[in-house]
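Read off the chains here:
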Amino acid sequence: MTDSISHELLERAKRVIPGGVNSPVRAFRSVGGEPVFVREAHGATLVGADGREYVDYVGSWGPMILGHAHPEVVKAVQDAAVRGTSYGAPTEGEIALGELIAELVPSMPMSRLTSSGTEAVMGALRLARGATGRDIVVKCDGGYHGGADYLLVAAGSGAATLGEPDSAGIPRAIAATTAVVPYNDVPALEALFAERGAEIAAVIFEPVAGNMGCVPPEQAWLDALRKLTREHGALLVCDEVMTGFRVGLGGAQARYGIEPDLTCLGKIVGGGLPVGAYGGSAELMNQVAPMGPVYQAGTLSGNPLAVAAGMKTLELLRAPDVYERLEVIGAKLQTILEEEAAGAGVPLTVQRVGAMLTPFFTDAPVRNFEDSSSCDHAAFRRWHAALLEAGVHWPPSPYEAGFLSLAHDDDAMAKTRAAVKAGFLAASQRD
Ligand SMILES: *Cc1c(COP(=O)(O)O)cnc(C)c1O
């Protein structure tokens, strides 16, 4: 159970905010229990409302790769704030960030900043539809690309490939503009393109799935994605909102040799402030307003505070050895999880790419959403509750990845091991 102050805050919050939270996963519905209300956070530590400290693996769901409240990022934001927090007019900082993105992610020589990953994805897919003159977008079952209506869709029943609404409030006609295929499934992709190839504007995919738990891509599937989209005149849209600057300085596309037409960024690129970005070749990007007919805009896009936080974060990530260190930190956590699960006799498959990982409660590899859904979620819930009790703040859903940062030092790991041991003991006990 969470602390009594967080409990009181949740009761108060529920009166003015649906479920007491401003984004649903924060409500702990998939694990039961109640969320910790946060007082502050620094490094790998989150401080709850009652002053209790937790080792944090949520990391704001990805952005906090340097650790919370990194002094240099905080200073960059403070310095920017005193110069004004938003102008609605262009700034030099936006150019510098665009140049840095182009340098680090060569498939994005030109990009547009937004205020969230959701907006970046919406911009990229509107551009893909505008540039191809086609309507259908393809996504993977269990893939998450933000809150756009046509992306909150589930696979249709039976042989139908077009999607069905996965939320109330989404017209069937809108959901039917999206086709859904399983992740890592070459035959399904081939069948879809054989059937509807001429109508497909784009395939959007997470190059490492993070929103069904951490599921790495298989090379044959990546090859098929590129080959089929090219053959059929569709665009390949790589959603690196989570993986960008996390699994490598050049993102997953550098790590796996992917050549996307358009890329979406978010999370780390804003250094913990609200940002997204989408980009690709100048030829494509110049079809966006004001250069071209594809409209997209934002009052706070390119916000100077967010740009300052993003710039400073990327600068710090460019230091030598950063991604080697993240790899080592990730491997340490993986070892802890595997050793303690084995010790408790709990079947576990840890899937990790760099500094993101998921402990799946199964003894088989997880290749797609269906595999992820068939894991032992009751065991995950018991494990999660025991971790929280022991001072580890793990993402409150079995369909998420844990996020490590450069601040996860040996102290944090020691505390994590003790908590994880208790977690697997709890997981091994039936309800
Ligand atoms: C988080 C996420 C998004 C949405 O970004 P927001 O900033 O929450 O709108 C889109 N795609 C992926 C892969 C994500 O992980």
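Not measured: the values here are computed from a predicted model. Along each chain, numbering runs from 1 in the same order as the chain's sequence is written. Predicted model: local features are reported for residues with pLDDT of at least 70 only, side-chain atom pairs are reported and counted for 80 or more only, and whole-chain, interface and lining totals are derived from all residues. Computation of side-chain values: all heavy atoms of the structure, hydrogens and water removed.

1. Looking at the site of the ligand
Here's step 1: To be near a molecule or strand, a residue needs just one of its heavy atoms within 4 Å of it. Around the ligand, the structure places Ser116, Gly117, Thr118, Tyr144, His145, Gly146, Glu206, Asn211, Asp239, Val241, Met242 and Lys267.
Here's step 2: Tyr144 is positioned with one of its backbone polar atoms (N or O) 3.3 Å from a nitrogen atom of the ligand.
Here's step 3: Residue Asp239 places a side-chain N or O atom 2.7 Å away from a nitrogen atom belonging to the ligand.
Here's step 4: Method for areas: the Shrake-Rupley scheme with a 1.4 Å probe, in which residue coverage is limited to the protein chains shown. Considering the ligand on its own, with 380 Å² of exposed area, one finds that the protein chains cover 83% of that surface. Counted as a polar contact is a pair of N or O atoms within 3.5 Å, where, for protein atoms, one must be capable of donating a hydrogen and the other of accepting one, and residues adjacent in sequence contribute only when both atoms are in side chains.

2. Quick notes on helix α6 (residues 186-196)
Here's step 1: Summary of the burial criterion: residues with accessible area below 20% of their type's maximum are buried, those above 50% are exposed, and those between are partly exposed, where the area comes from a 1.4 Å probe applied to protein chains only. Helical segments are the DSSP runs of H or I of at least four residues, strand segments are the runs of E of at least two, and each set is numbered from the N terminus. Of the residues making up α6, those classed as buried are Leu189, Leu192, Phe193 and Arg196. Each buried residue of α6 lies within a common arc of 95° when the element is viewed along its axis, so the set occupies one face. Away from its buried face by more than 90 degrees, α6 exposes Pro187, Ala194 and Glu195.
Here's step 2: The contact criterion used is simple: two residues touch if any of their non-hydrogen atoms lie within 4.5 Å. If you follow the buried residues of α6, they end up packed against β5 (136-140), β8 (178-181), β9 (200-205) and α7 (219-232).
Here's step 3: Put simply, Asp185 is the residue that caps the front of α6, since its side-chain oxygen is 3.0 Å from the backbone nitrogen of Ala188. As used here, the arc belongs to the directions running from the helix axis to the C-beta atoms.

3. Quick word on the state of the cysteines
Here's step 1: Note on disulfides: each one is a pair of cysteine sulfur atoms within 2.5 Å. Scanning the model with the defined rule gives zero disulfides in all.
Here's step 2: In this structure Cys264 is not part of a disulfide, and its nearest cysteine sulfur, from Cys238, lies 8.4 Å away.
Here's step 3: When its relative accessible area of 0% is taken as the criterion, Cys264 is described as buried.
Here's step 4: The closest cysteine sulfur to the non-disulfide-bonded Cys375 is located on Cys214, 13 Å from its own sulfur.

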